[in-house]
Amino acid sequence: MRLLHTSDWHLGRSFHRVNMLGAQAEFIGHVVTTVRERAVDAVLVSGDVYDRAVPPLAAVELFDDALHRLADLGVPTVMISGNHDSARRLGVGAGLIGRAGIHLRTEPSAAGTPVVLADAHGDVAFYGLPYLEPALVKDEFGVEKAGHEAVLAAAMDRVRADLAARAPGTRSVVLAHAFVTGGEPSDSERDITVGGVAAVPAGVFDGVDYVALGHLHGCQTLTDRVRYSGSPLPYSFSEAAHRKSMWLVDLAADGSVEAERLDCPVPRALARIRGTMEDLLADPELARHEEAWVEATLTDPVRPADPMARLTERFPHTLSLVFDPDRAEDDPEVSYARRLAGRSDQQIAEDFVAHVRGAGPDAHEQGVLRDAFDAVRADETVREVAR
């Protein structure tokens with residue numbers, strides 16, 4: 001059975017001030033063409049279909065168009081909700097849409113209930129694990145402590161129990177939206193840290209033939225059977241080195257996997273350039289970036305006059321301008337943002353406690369801070385979905 005694994009469409013999202021809806025529509029067309037030309041048997045979409053819980057109308061219209069075009073192909077699609085989606089909204093009409101071959105899996109309670117498709121070698125069971133917000137699903141899965149590993153492990157227990165009850169030789173595919181250990185994040189994914197832990201081990205998914213992951217925006221192979229497709233388009237300059245693509249996966253009769261990486265159409269290259277204003281305007285090596293979307297970091301000791309206007313004369317698609325003067329780390333002028341770079345909310349809060357009290361928080365106080373951040377994030381998720 002041939003599968004096309006994609007994820008993280010983020011319909012409705014822009015790139016800085018650039019509207020990406022046209023590029024997203026081109027990607028949908030690319031998916032349809034790939035399915036037709038490469039004889040795909042099933043399409044997998046591993047979450048974050050939309051960029052936010054209440055998407056703009058234009059994004060909803062594009063999703064509606066995608067559903068119709070996929071259904072017209074007569075090729076089944078299995079789709080789960082991600083942490084950016086409203087599972088309830090995305091899942092509206094799932095029963096009716098399923099009759100057209102578009103199988104939406106947005107309910108955590110259905111983790112152990114697969115979509116079963118068949119080929120000449122027998123059944124393949126597709127299990128959709130939507131994004132599982134630990135604080136909201138721990139009761140459903142009967143886990144005492146809300147954490148990503150605990151709820152995913154409980155969901156996978158249901159998957160393995162269902163699979164064990166099926167005919168011998170039934171092959172299995174899991175779609176999941178999570179941060180799995182070994183994955184490389186970028187700046188454009190929303191933080192899903194709970195209790196100080198964001199990642200879960202790949203071993204949670206043991207016992208199935210292929211795991212189609214979503215959430216991280218870079219295409220990655222964690223094992224031969226566990227892969228991220230990544231986002232089809234760039235959504236931050238941290239993705240400048242990404243090769244945007246999808247996985248074409250052949251699932252053999254014995255459950256073995258072969259995967260081919262297929263490139264996605266990207267409207268414009270990304271480039272990060274750094275140096276003084278004069279160097280950026282004069283360096284011949286930067287000519288290759290003149291038609292790219294550019295993030296320019298200026299290292300001049302004094303902010304130059306009219307920096308964006310001057311840069312766009314050479315790099316007309318400059319979208320981001322950063323000032324980072326070259327200074328010693330102990331220089332009092334080093335920016336606050338630079339000192340905070342790469343630090344989590346938890347670490348920043350602990351540093352603040354140490355600053356005002358003279359000593360950092362003890363283990364109990366660290367737990368209180370973690371619980372507070374987790375509670376705020378879970379509450380924000382509930383309120384966003386309820387809007």
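Residues numbered from 1 in each chain as written. Predicted model: local features only at pLDDT ≥ 70, side-chain atom pairs only at ≥ 80, totals over all residues. Heavy atoms only, no water.

- An unreviewed UniProt entry annotates the chain as Nuclease SbcCD subunit D originating from Streptomyces swartbergensis.
- According to the UniProt record, the Function (unreviewed entry) comment for the chain reads "SbcCD cleaves DNA hairpin structures. These structures can inhibit DNA replication and are intermediates in certain DNA recombination reactions. The complex acts as a 3'->5' double strand exonuclease that can open hairpins. It also has a 5' single-strand endonuclease activity." (UniProt positions renumbered as here; feature names shortened; annotations may be inferred.)

### What about the domain arrangement of the chain?
Part 1: Taken domain by domain, the chain comprises domain 1 (2–263), domain 2 (270–326) and domain 3 (334–386).
Part 2: The C-alpha-based centres of domain 1 and domain 3 are spaced at 30 Å. (Domains from an automatic or database assignment.)

### Notes on the sheet that holds strand β17 (residues 270–275)
Across a sheet, strands are paired by hydrogen bonds formed along the backbone, either parallel or antiparallel in direction.
Part 1: Spatially, the three strands line up as an open sheet ordered β17-β18-β19, and their pairing is parallel. Either end of the sheet is taken by a strand with one partner, and the two such strands are β17 and β19 (318–323). With strand direction ignored, the average angle separating the axes of adjacent strands in the sheet is 15°.
Part 2: As paired strands, β17 and strand β18 (residues 293–298) are joined by six bridges and run parallel to one another. When the bridges of β18 are listed, arginine 272 appears paired with glutamate 295. (Pairing = 2+ DSSP bridges. Helix = DSSP H or I, 4+ residues; strand = E, 2+ residues; numbered from the N terminus. Axes fitted to C-alpha atoms, helices over the stretch in contact; angles between N-to-C directions.)

### Details of the packing of helix α5 (residues 134–141) against helix α6 (residues 148–164)
Part 1: Axis separation between α5 and α6 bottoms out at 10 Å; the angle between their running directions is 40°. Judged by the angle between their axes, α5 and α6 are oblique. At the point where α5 passes α6, the crossing takes the left-handed sense. Residues Pro134, Val137, Lys138, Glu140 and Phe141 of α5 pack against His148, Val151, Ala154, Ala155 and Arg158 of α6.
Part 2: Residue composition of the contact of α5 with α6, by class: six nonpolar, one polar and three charged. (Parallel < 35°, antiparallel > 145°, perpendicular 65-115°, else oblique. Left-handed = near helix turned anticlockwise from the far one by under 90°. Contact = heavy atoms within 4.5 Å. Nonpolar A, V, L, I, M, F, W, Y, C, P; charged D, E, K, R; others polar.)

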